[in-house]
Structure formats: C-alpha cells, structure tokens
Amino acid sequence: MAALPAKVEAIIEKFGPHPARPSALRLDPGVEPDKVVRTHCCFCGQQCGIQLLVHGNQLIGFEPWMEFPFNQGKLCPKGVKRYLQGSHPDRLLHALERDPSSSHGFRAVQYDHAVSRTAGEIKRIQSQYGPDALAVISGASLTTEKTYLMGKFARLCLKTPYIDYNGRLCMVSAAAGNKKAFGIDRAANPWADILKAQVVWISGANVAECAPITTDYVWQARENGARIIVVDPRVTPIARTCDLFLPIKPGRDVALFNGILHIMIEKGWIARDFVETYTVGFDSVAQYVRSWNPKYTSEVTGISEGAIRQAAELWGTTTTSFLLHARGIEHHSHGVQNVLGAINIVLASGRIGREGCGYATITGQGNGQGGREHGQKCDQLPGARDISDPEHRAHIAAVWGTGPGELQGPGVDVYEIFRKISLGEIKGLLSISFNPLVSLPDNNFVRAMLEKLEFYCAIDFFLNETAYHADIVLPGSLHEEDEGVVTTAEGRTIKINQAVTPPGDARQDWLIIQDIAGALGRERGFTFASPREIFEELRKASRGGVADYSGLTYEKIEENFGVFWPCPDEDHPGTPRLFEPGSWNPIARGAGPFYFPDGKARFCVASYSPPAESTDGEFPFILTTGRVVSHYLTGAQTRRIGPLADHTPEPFLEIHPHPARELGVSDGDRVMIESRRGQMVLSARVAETIRPDTVFIPYHWPWEKSVNQLTISAQDPISRIPEYKVCAVRIRRYAGS
Amino acid sequence: MMPGKPEVRRALFWGVLFTAILAGLIVVGSRNLSHFDAALVGYTFAVLFALFGIVYRYAIWLQRPPTAMYWKQGWQAFLAPRHLISNLAHWVGRCVTDIALNRFIWIRGRLRWLAHWTIMWGCALAVGITFPLVFGWLHFESVPGDFDSYRISLFGFPTADFSVHSLFGFLLFHGLVWSAVFVIVGVMIAMRRRMRDEGAAAVQIFAEDFLPLVLLFAVSLTGLLLTSSYTWMKGYGYDFLAILHAVTVIFTLLWLPFGKFFHIFQRPAQLGVTFYKDLGRRGESATCRRCAKPFSSRMHVEDLIRVEKELGYSFEAEDPIGHYQWVCPPCRRALFALAQGRMWHGPGSQRAPGIPAQGSSHVNPGLGEGPLGEEDRENFHP
Amino acid sequence: MPVPEHLEFFIDPNRCIGCQACVQACAECDTHRGYSMIQLDYIARSESPQTVPIVCMHCESPTCAEVCPADAVKRTEDGVVQSARKPRCIACNNCVLACPFGVPKMETPMELMMKCDMCYDRTSVGKKPMCASVCPSQALFYGARDQIERQRPRSRPIHRFLFGRQIIVTKVHLMVPFESPVAPMDVIAAFRETVIGHVFGPNFSAETMVGGGK
C-alpha cells in the first residue's frame, strides 16, 4: 500500500462525513415506534441509560429512561442525538477494496471476497515475515465480549503479541497508578458517594463537557454542603462557580499534590491510624514531599501560595471527600506520577473505602473500563490478568484449550506498534473501531507509517480517516446493532441491547473476526453463535482474576440496572465500593482490603518532572488539547450527526486576551499555530477562560484541522500514554485565506 | 337602553350597521325580493346573524390596545403617500403568496398546506356560488325561444347567455360538487393529522379544532348527498336531505363569529403587519440600553411601550434603562441569570458606566437548533 | 389533560454548564418537533463560560398574551402559556419584544411565533418536559416541590420578579439561596454585571505564569 487511493475530497464526497439531520419519519410526530429498546448511550464512559425508539428497523428517536439509576433520564447533547447515527447515508453497506482507478478510491466487493483476501494477506505476511509481523489495534468503545474476542483472536488465532487498543490514549495512566497503589484498576467508589462527600476535588477533568452527567452529582454534593475544588488551566463551566479554583499550569499536577501533602503533614492532617493499619510506604513519600513547601509548589504550579494553603486546609480538615480526576492529569509523560500524587493525598487522608469517602478516575471512552480488562491491552489477559504471570497464563490457556507455551508474551503499546512499522518489523495491520490517524499524537508520522504497510484491513461502520489507507474495509456494526456488556466509569457492568439489525452486507464485528479466523483455517475457539456465548466463556476466563465477572449473567445485570464487578459468584451482589474494611479479595485473601498479598495500599513516591517539551523563546505557548461537549473521540460518529456538527463545526484556538493583544489577534481571526512537528490554521476564540501562558485546541477533527499534527509523541514510561496535554507552540496572525 | 361599556356600544353600532347594509343590499339586489327564493330564507337570516356577530367581534377586537395600535399604524404605513405605489404592488403580491397560495403554510408542511388550501378554496368557491344565489343577487332565467340556454341575471341585470350543454354550464351547475370534493379532501388530511400527531393531540380542543372540521365535512357530505339524490336516485329522500343540509350550513354560519372560523376575518391583518414592519425597517433601529446593539425598530419599541402602559404595565425603570422595553431580549435573559448568580456568589465582574456589555450569543450557532429564522436572528442576535 | 398540579418547573442558571442537551432535546418534543424553543446563551463568551438557559416562565398574567393583537397566545387553566395558535398569529413580533424574560421566537417564513409550551404533549400526561428530563446539571428541574426542597436544602424557589416597577409572577420557579430575603428578585440590579464566577481577568497576574518549565 502506498499513498491514499484518491484525493481526500473525493473520498469525503463519497463516504462522508455528511452530517445527518432529522427528516421524514424522525420529524413526524405521528409515527409510533414498533418497539422501545432499553440500552445505553455509546458516547462516553458514563454509559447513560437511554431508550431508543425503533420503527421498521430504523432508529427514529429516543425517550429518556428515568428508572436507570446512574443518570435517571439525563443525557448530554450527544446522547440526545445519538439516534441520528443510525440509517446514516455514510453507513458502510458493503465490503470495500482499495481501487486507485475508482474516482473515490474504493470499489465495493463481495463480503466473502474481502474476508478471504484479508486471510490470504495475513497468511502471506505471517509466513514471509513471521507471526509477529502482524499487529491488531482495537477499540475501547466495543462491547466487552468483542474486546475479549479481539485479545483471543490476536493471541490464539494470529499468534502475534502485537495487540493494543485506543484506551492507551485514554485512561492507562490512571490504570497503572491504581494498580501500583491499590493493586486493582477500577473506580474505588460508585458515584453515589460523591453526594455524601464534604469536599469534592476535581483535577484535570472538564466534567461539564466530557462527563456532563457527573455535573449533577457535583452540584448535588454542593447542595448537601460540599465545597468544590477544581484544578484546571481553563475556567471550565464547572470551574466557573466552584468554591476554590486552582488555575494550574499544565503538566504540574503532581507538584500540586506533593505540595498539598507537604502541608497536610506539616499541619498534622494525616489519618495516622489508617496509614498505619492499611498502607505501606508513607515514610518515603513524606520524605520526598519535604522539599515541596508552598512557595516552591507555587513557583512550579503557577498557583498562588494562598490558594494552595486554602486547598490543603479544605482537603486536610474535612471528614468525607471524593477526589475525581481525568485526562487532564493523565495525558502526560509523567501521567502515572500525577495519578500517584493524587492517590497519595487520598491515602494520607484515610478517606477511602467508606461511604462518602472516595476516589475515581472519570473514564472517557464508551467501554474504557471494560475494554481494558479482558485481554486487548498489550500486557493483560482476561480478568485483568498479567500476561507475564505463569499462573495467569495457565488459567487462560486452559480456558482457550491450548498450552501456556502457545501464548505469546507481552506486546507493545499502540504507538510502539507504529514505530515497529517504521523499523520494518510490522508489515500488516488489522484495526477495528480505531482511528489512529486522528487520535495519535504527531500524526504526520502515523500517516507515513500507514503508507508503509504492506497490508491494512480496517473494520468499521463508517469509513474513518485512517481507513482511507486500507486495502480492505469490512463493514462492522454500530452500537445499536449488537448486544453485549460494557463496564462504566463507576465499575458498573451494564447491558447493551440490540435495537436494529445491521444493514446491507454489514454484520456484527465478532462475526467478522470469526469469519477471518475461519478463512485462515483456524476457526477453533472462534465458533461462537452469539455474544451471550462469548460472555459465558469470558466469565470462565475472568474467574479468580481481579476483574472477576464469573458471577454475572445478562439477566442479573438487567434486573439490577447493572452490577459492579468483582462479582465472583452468582449469589454475589457485586461490589459497588472497593476497599471496605474487612472486605475479601482474591489477592489479599482476607489480609486486608487492598489488592496486594498483605492487603495494604501502597504509598508511592510521585516524583515531579516537567513535561517532555518546555516552552522557550521560539515556541512560547503551552498547547493543551481536549474535548468539546458535542463531539466524541475522533468525531468519526459525531461529525456525522448534523445538530452536533452544527454546535462545534470546527476546532478553534482558545487564547487569553493578553497574549492575543500582543499578537495582534482578535476574536475570530485566523491564526497559524506551529509546533516542532507540524502547523495548522484555525480561528481564534479570545477569552478570559484560559491561562495566559496556555492555549487550547479540541482534537476531534482530521487532516488540516487535526491538532495531533502538533502534539508530541512523548509517552509516560509506565503507562505509555502520550503527552497530549502539553507541547510547545508558537502563534501568529494568519493573513492568508 | 344601550349596554354600559363604550367599546361594546361601538361594536354593537358597527354590527347593526353592517347587518342593515347587507339586508338593504339583499332587498335591492333581488329587486325587492322578486328574485328571492323564500325556501332559502333560513340561510339568509343565518348569514345576517353571522355578519352581525363577526362585525361585533371584529370591532371589539380592534379596540384592544395592541390591535388598535396595529390597525392604526398598519393603515398609516400602508397609506403613506410616499410609499403608496410600492405598497399597493406589495399588497397584490402578498395577497397572492399569503392569501391565495398560503405560502407560509407550505413552509410549515406540505400536507398541512394541502389540507388548508383545499379547504380554503373549496369554501371560497361554495360561498361565491351560494351567497349571491341565496341573496337573490344572481339568478338564471331561461332564454325565451331557446330551451337549451340560460341567461345569467346579476342584481336583476341580465348578462350573458350560455348553453346548458356547454362545458361552462357543466362546470357552473356542478360548482358545489367540486367545492365539496375539495373540502372533503382537505378535511380528511387535516383529520388524519389530528388523529395521529401526538403533538397536535396534546394541545387541541374539540370546539376549536375538531368541530370546524366536522361541520365542514357535514356540509359537504349532505350537499353531495343532495346532488346524488336528484341525479341518480330520482330524488329519494330529497326533502329530508335538504333540511339536513340546511341545518349543517346554518349551524356553520352561526358558528363563524365564535370558533376557529373567525381567523378567516382576522388573519388578513398579517398583511397590515408586513407594512408596519416595512416602515420599521426603513426607520431607525432601537438600541439596547445594555449592549448598545440594534434590535427591532425604534417605532415598534415606542409603540409597545405605549401599549403596555395602556394595558396597565409599569416596566419603567431607572435611567439609563428608562423602560425595560429598551433592553434587548438576549440581554433580558442575561440579566435574569446575572441577577440570580449575584444572589449566590455576590457581585460579579462589573462594567464601567457607559461601556456597553458584550451582549450574549446563542450557544449553538447552527440555525437548526438555535434561533429559528432570519428575523429571529435580527431580533435576538445582532 | 391538564398538567398535574403538584409537578412544577424549577430553574437554576447557576448550575448551567451550557452543554446544550436541552437545546437538542427540545427539538425532539412532539408539539414542536424539529424546532428548539429553549433559549441558551453565553452571557459574554470572551469573558466566561457562563450560560443562561431559559424556558418560558409561564407568567400568571402573560405580557406576551396581553400585547398580542390577534389573541393568539392563550394560557390554559393549568397555568401553561401555550405557543401561538397557528390560525391566529399574524407574526407581528409584539410578544417577542414584550416578554420580560426574552423567551418567544419568531419564525418569519412560517409567519408564526413559537415558544416553549413546557412540552405540553409530555407534561399533560405526567411526563417531564424534554429539557428537564435530560439536563445533565439539573439546572432545569421538573418535579414535586417537596422533592426539590428535600434535595436542595441550600436553595429556595421564588416566582416573583421585579422589572423596574413591574412585578411579574410566574408558574416556573427560580432557585435562589435559602437565606436570601423574601422579596421579588430585582432583575435590573444586575445591570452593571458582565459575568459571575471565576475568570482570568485583569487582576490575574500574567507575569507569574508565563515562562519556561521548572
């Protein structure tokens, strides 16, 4: 494969995005739905309950699902308009084969031909270069059954170690930090505990736009008397009226947490009994934070000393609390350190594992939680098992009917997969529901690597921008076209229900994977007849693991409006709150509530290092990136939904009036933004809602509107998350058209 | 003894006057009732009563402060000598697009338009044929010496002759059949919408929304049955049908001043509104006293302030506002939230006196889910 | 059917995050499918993310109806001020200009004023209006008074507003601090305010913030 098979404009003309708007049946208030399907929104990790209205195999609207306890009918604009992704003009109805002679680059082919061509290419590459020459990259918006199958497919069928997923770009720093400190990677508390907290600390989470439903929990806590602390370089909607706003310089979160812990120790606001009984490692952390006095902390973080002291006092002296964080502290080359810093102030306060005392990361992707538990992460096997642990390997090998020796060892993260393409080690790629050309940092490199591949097969329901480079595109399934389970940000496993059947030649993703396995002649272990059958095997595979689903059934999940894992047997009610004193887990086996053999949590030194790229005279601004409320991830879905595209049709540069004035930039002016890796032109949104040393660009767009042309591919050494939240740029007024 | 209130007295006066004029015209037009068909006297009295009711209600309506304002200003705008020629041209154009073609309903929905347009023209055709016949203004006489021809007599003056067997004759004598078919088609479409549209179902009222359709349907159906009776069934049940038809028609006529039908007389006021708006656009804009941006016309704001005073409102405020009407609608929304936010968080960022506020903007710039149309944008989001 | 008496609408712009769920959901309601009636504005986007959502406040004596020359705006007995009656509305814009809360919208090509009718198709059968059903921040709340009083002990609903010398009483309530004086809220009192809440305003020192990483 080489460059794109046709001009980008020509491909867009044929495959979109074309924004869909309500029309015909969807505008006719006289049309009665044939059925009302209770399922969930596909557009973030909160997985709000929603009822889809179906008429003649078409989604015609929605009705709030008031009974679902997490959101009680509430939805953000994405949820409201999600039904418009159904029956979409851009929907892939046939398999496609790259065809540069066609005006739009692809020709529709028989599904069977596309599958056998894919299998043929996989065989050729693997026999020519070895099994490791093929990589699989997968999505964290898929149902857990599919993510389980993807891991099994890579390891059992393709026998490649190289599988990773786009959750790598999302919550992995939190996951790594949680595993280091708690031994388990899951929100420690259900959101209901937020309501009982007296202090809610939100670090690096634009709750209003990225997890809108959580807003009501925060405001409700405030009604109940809580003080709200928000740490963010931008005045986000939730920061606007919070009680204490800490306008941190991007990339300095761990410094703030260390500074807070310093004051807590100094003032004696440490829960000594808890630290003594339930944790280890406090002393070395206390030693480390000694240098983080308020003055030094203030210098590093850009927050005034007074505000830091105020925050420490609020946090140190309260009786109940909830700390939430998200990508703002995680998307860093030291993201895991930031997370550990946050966990340290939680552990030092002793406020965890009790009602109203909690901690969680706000998972961003649809199945960000479930999607990282069951084997599509490069170093994990189902049940959140460790691929390097012989015992864990043996358990999974037995479930899969193979020998542990047959399973490959750990692979590499998704960015490293692209580096391996660059080194010529990986020649073939299979992707599903992943759009790395938009989502990976420094994506000019990613594009070059896609062009270097010998074979690339993409499975998706729309032709995403990465798939423009594909040799074969297989038409997969939309969220509402399949059933399965998903685990939410809270750790609540919920059930997705099928509302409509896939149109044309499109089919459920798990069927496509099984068809490829069949065409390869390796169908053993890939003959499931339904998602339920996959789930039954997943239950067995997860039994005894940390993420234990063995006590879950579809019926139990639906009856209880979701069940929190771990749920080790069918009579078990699930575990909404982790780490309760006296609770049992398979690692500690009664020694304590945390998931280590001694049952104790770990204080870990959270060491500060500046972001990989510093600002300087040449590139004087910090660029930080993030979401807007009307779009989801790379926008492959939401840019196709007219009313959402209308809301934010384009990315913009948010910049403070002070620097804007110096640059001669007024609101709405076109500006050129350049980093060491790329450049782009956008409209400026001049607003007093961001630090003067920082600028912000949302990331949901491709090509010349993709901010990931500018971002840096620096990664956290532990979690391998890219540093989306800080890189250095320069800005000038752009006179061209 | 006249009832007390002056506006009622005025309305009664106009009602009686119009009714008397029509009665006089009937007498004169039917040549002292010589062409008047005594069998149709019930219809005549129903029309006279309906006219009284309509004029009475119209007169009451015109005396409400906002209506009076528009009535006066609309005519002044229309008759302004400088623009009279172009106004007349616009008037003709708007009569065609709005009244004859119902363009504004076309935009609301194609089926809705079809329903309204067929009902409207069906009724207009029927009224055009029957009223002159009933009043004795129009009648047909046989042409002496030619059994196959009729002569049309208008207000007693003989006009053209035509052959019974001509196409014109066929169309003319079956005019009521066509009108009935038109009305029935429209009523069916409208009924279908009312039966299945849940939005419509929630706000509809029987007397307001269903009864008119039922009446029109009854009039049309009984009319068609009459035609069928004498055309194909040798007059079977004709007398009964004639009475039934008369009852439906008379009830409909009597209902004209009360229910939805009154919009037939009220609605043409929209033409006057357009001239008022034209005048406003040609004149000065109102300027918001908070954001200093233009909104609507100064004339309209001043007229509204007057109307509100007459209605007993006191939106007068301290300077520099003067009257709340001088704050544009988006700034009213902003003030509402700022006043509440201030109660929660104390005073916010303040602007210096004389520096206009930034002015708010719709969160969704897309028209589809934001402001509705261009005028809305001008009014709200300058 | 009338809207049940015990269910009421409460708004708290203080909670609003401007996410636009209400705007998008409003267009899904059957009485005005395809048209969004709720007003959601940035108050001053270049200064703050502050937004204001306003549904029709359903005044007891609605100015919009009083100034309507065509008698097109009617308040039903349950206190809901309905959208303009289509046959009557002559698109004169009086209601749009007169409403003290800035609520009605004018659809010029259709020669029709349209406004929030509290999702009458839903509320008249006991359901919540679309906007309040979905509102993620519950800045828009629809439910029983005892429920909101229980849930929001810091807040108190009011429904009397002062505009100059005019007091307007509404069916929809606004949430204000529990301790605030029991008097109509003076809307004009905020005439000098630009925005409420944290900003990186002129007093925010840029010097301490700009510079290389430590």
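This one's a predicted model, so the numbers in the text were calculated from it and none came from an experiment. (Residues numbered from 1 in each chain as written. Chains lettered and ligands numbered in written order. Predicted model: local features only at pLDDT ≥ 70, side-chain atom pairs only at ≥ 80, totals over all residues.)

1. A word on the overall build of chain B
Right, so step 1: A tally of regular secondary structure across chain B gives 16 helices and seven strands.
Right, so step 2: Taking the principal axes of the C-alpha coordinates as reference, chain B spans close to 95 × 50 × 45 Å.
Right, so step 3: Across the 382 residues of chain B, 35% fall into the buried class.
Right, so step 4: Contacts spanning at least 24 positions in sequence make up 61% of the contacts within chain B whose residues lie at least 6 apart. (Helix = DSSP H or I, 4+ residues; strand = E, 2+ residues; numbered from the N terminus. Buried ≥ 20, exposed ≤ 12 C-beta atoms within 10 Å, placed from the backbone. Contact = placed C-beta atoms within 7 Å.)

2. Observations concerning the overall build of chain C
Right, so step 1: A count of helical and extended segments in chain C gives six helices and ten strands.
Right, so step 2: Projected onto its principal axes, the C-alpha coordinates of chain C cover approximately 70 × 45 × 40 Å.
Right, so step 3: Looking at the 214 residues of chain C, the share that counts as buried comes to 67%.
Right, so step 4: Intrachain contacts of chain C at a sequence separation of at least 6 include 60% that bridge at least 24 residues.

3. Details of the interface of chain B and chain A
Right, so step 1: Contacts between the two partners involve nine residues from chain B and, on the opposite side, eight residues from chain A.
Right, so step 2: Its residues assigned to classes, the side of chain B that touches chain A shows no nonpolar, five polar and four charged. (Nonpolar A, V, L, I, M, F, W, Y, C, P; charged D, E, K, R; others polar.)

4. Focus: the sheet that holds strand β3 (residues 58-64) of chain A
Residues and elements named next belong to chain A.
Right, so step 1: Strands sit in the order β1-β2-β3 across an open sheet of three strands; the sheet is antiparallel. Edge positions in the sheet fall to β1 (35-40) and β3, since each has one partner strand and no second. Mean inter-strand twist for the sheet, computed between neighbouring axes without regard to direction, equals 35°.
Right, so step 2: Bridging between strand β2 (residues 49-55) and β3 involves six bridges; their strand directions are antiparallel. Paired with L53 across the bridge in β3 is G61. (Pairing = 2+ DSSP bridges. Axes fitted to C-alpha atoms, helices over the stretch in contact; angles between N-to-C directions.)

5. Looking at the packing of helix α5 (residues 172-182) of chain A against helix α15 (residues 335-349) of chain A
All names here are of chain A.
Right, so step 1: In contact at an axis separation of 8 Å, α5 and α15 are set at 50° when each is read in the N-to-C sense. For the element pair α5 / α15, the angle class is oblique. Crossing geometry of α5 relative to α15 is assigned as right-handed. When α5 is examined against α15, the residues S173, A174, A176, G177, K180 and A181 are found in contact with a partner set consisting of G335, V336, V339, L340 and I343.
Right, so step 2: Split into classes, the residues belonging to the contact of α5 with α15 amount to seven nonpolar, three polar and one charged. (Parallel < 35°, antiparallel > 145°, perpendicular 65-115°, else oblique. Left-handed = near helix turned anticlockwise from the far one by under 90°.)

6. A word on the pairing of strand β3 (residues 157-163) of chain B
All names here are of chain B.
Right, so step 1: Little of β3 is tucked away, with zero of its seven residues classed as buried.
Right, so step 2: Bridging between strand β2 (residues 146-154) and β3 involves five bridges; their strand directions are antiparallel. Counted as the bridge partner of Y150 is F162 from β3.
Right, so step 3: Between β2 and the antiparallel strand that follows it, β3, lie two residues; F155 among them carries a positive phi value of about 50°.

7. Quick notes on the environment of V214(B)
Right, so step 1: With respect to the helices, strands and loops of the structure, V214(B) is situated in helix α10 (residues 206-232).
Right, so step 2: Taking the C-alpha atoms as reference points, V214(B) and L241(B), 27 residues apart in sequence, are found 17 Å from one another.

8. Let's talk about the nonpolar core
Right, so step 1: Counting 363 residues, the largest nonpolar core has V200(A), V473(A), C22(C) and C131(C) as the members making the most contacts within it.
Right, so step 2: Per-element accounting of this core gives the leading share, nine residues, to α15(A).
Right, so step 3: Among residues more than four places away in sequence, those in contact with C22(C) are I38(C), L40(C), P53(C), C131(C), V134(C), C135(C) and L140(C). (Core = buried A, V, L, I, M, F, W, Y, C linked by C-beta atoms within 7 Å.)

9. Some remarks on unusual backbone geometry
Right, so step 1: Residue P17(A) is bonded to the preceding G16(A) through a cis peptide linkage, with omega at 10°.
Right, so step 2: Among the structural elements, P17(A) can be located in the loop between α1 (8-15) and β1.
Right, so step 3: Residue P320(B) is reached from D319(B) by a cis peptide bond, and omega for that bond is 5°.
Right, so step 4: As for its placement among the helices and strands, P320(B) is situated in the loop between α14 (298-311) and α15 (329-345).
Right, so step 5: Backbone geometry at W703(A) places phi at a positive 55°, although glycine is not the residue there.
Right, so step 6: A positive phi angle, close to 60°, is found at A91(C), a residue other than glycine.
Right, so step 7: A count of 23 C-beta atoms within 10 Å places A91(C) in the buried class.

10. Brief notes about the sheet that holds strand β21 (residues 563-564) of chain A
All names here are of chain A.
Right, so step 1: Within the open sheet, the three strands sit side by side as β19-β20-β21. Their pairing is antiparallel. Where the open sheet ends on each side, the last strands, each with one partner, are β19 (484-487) and β21.
Right, so step 2: As paired elements, β19 and strand β20 (residues 492-496) share four bridges and run antiparallel to each other. By the bridge assignment, T487 is partnered in β20 with T493.

11. Focus: helix α3 (residues 65-79) of chain B
Right, so step 1: Over its 15 residues, α3(B) extends 21 Å from the first C-alpha to the last, a length consistent with the 21 Å expected when each residue adds 1.5 Å.
Right, so step 2: P66(B), T67(B), M69(B), Y70(B), G74(B), A77(B) and F78(B) are the residues of α3(B) that are buried. Axial view of α3(B): buried residues confined to an arc of 150°, hence all on one face. In α3(B), the exposed positions that point more than 90 degrees away from the buried face belong to Q76(B) and L79(B).
Right, so step 3: Each element contacted by the buried residues of α3(B) is listed here: α2 (41-62), α4 (84-100), α13 (269-282) and α14 of chain B together with α3 (94-98) of chain C. (Expected span 1.5 Å × (residues − 1). Arc of directions from axis to C-beta.)

12. As for the domain arrangement of chain B
Right, so step 1: Considered domain by domain, chain B is made up of domain 1 (76-270) and domain 2 (290-380).
Right, so step 2: Here the C-alpha centroids of domain 1 of chain B and domain 2 of chain B sit 46 Å apart. (Domains from an automatic or database assignment.)

13. A word on the interface of chain B and chain C
Right, so step 1: Opposite the 70 residues of chain B that make contact, chain C presents 80 residues.
Right, so step 2: In terms of residues, the side of chain B that touches chain C owes the most to one element, α15(B), which gives 16 residues.
Right, so step 3: When its residues are assigned to classes, the side of chain B that touches chain C shows 32 nonpolar, 22 polar and 16 charged.

14. A few points about the pairing of strand β12 (residues 321-325) of chain A
The side chains of a regular strand alternate, residue by residue, between the two faces of the sheet.
Residue and element names in this part refer to chain A.
Right, so step 1: The buried fraction of β12 amounts to five of the five residues, a majority that puts the element mostly inside the structure.
Right, so step 2: Burial along β12 is two-sided: the residues S321, L323 and H325 and F322 and L324 are all buried.
Right, so step 3: Bridging between β12 and strand β13 (residues 357-361) involves five bridges; their strand directions are parallel. Bridged to L323 within β13 is Y359.

15. Looking at the confidence of the model for chain C
Residues and elements named next belong to chain C.
Right, so step 1: Per-residue confidence for chain C averages 91 on the pLDDT scale, and 94% of its residues sit at or above 70.
Right, so step 2: In this model, residues 206-214 is a region of pLDDT below 50 whose contacts with residues beyond four sequence positions or in other chains number 20 contacts.
Right, so step 3: Here the predicted complex scores 0.93 on pTM and 0.95 on ipTM. (pLDDT = per-residue confidence, 0-100.)

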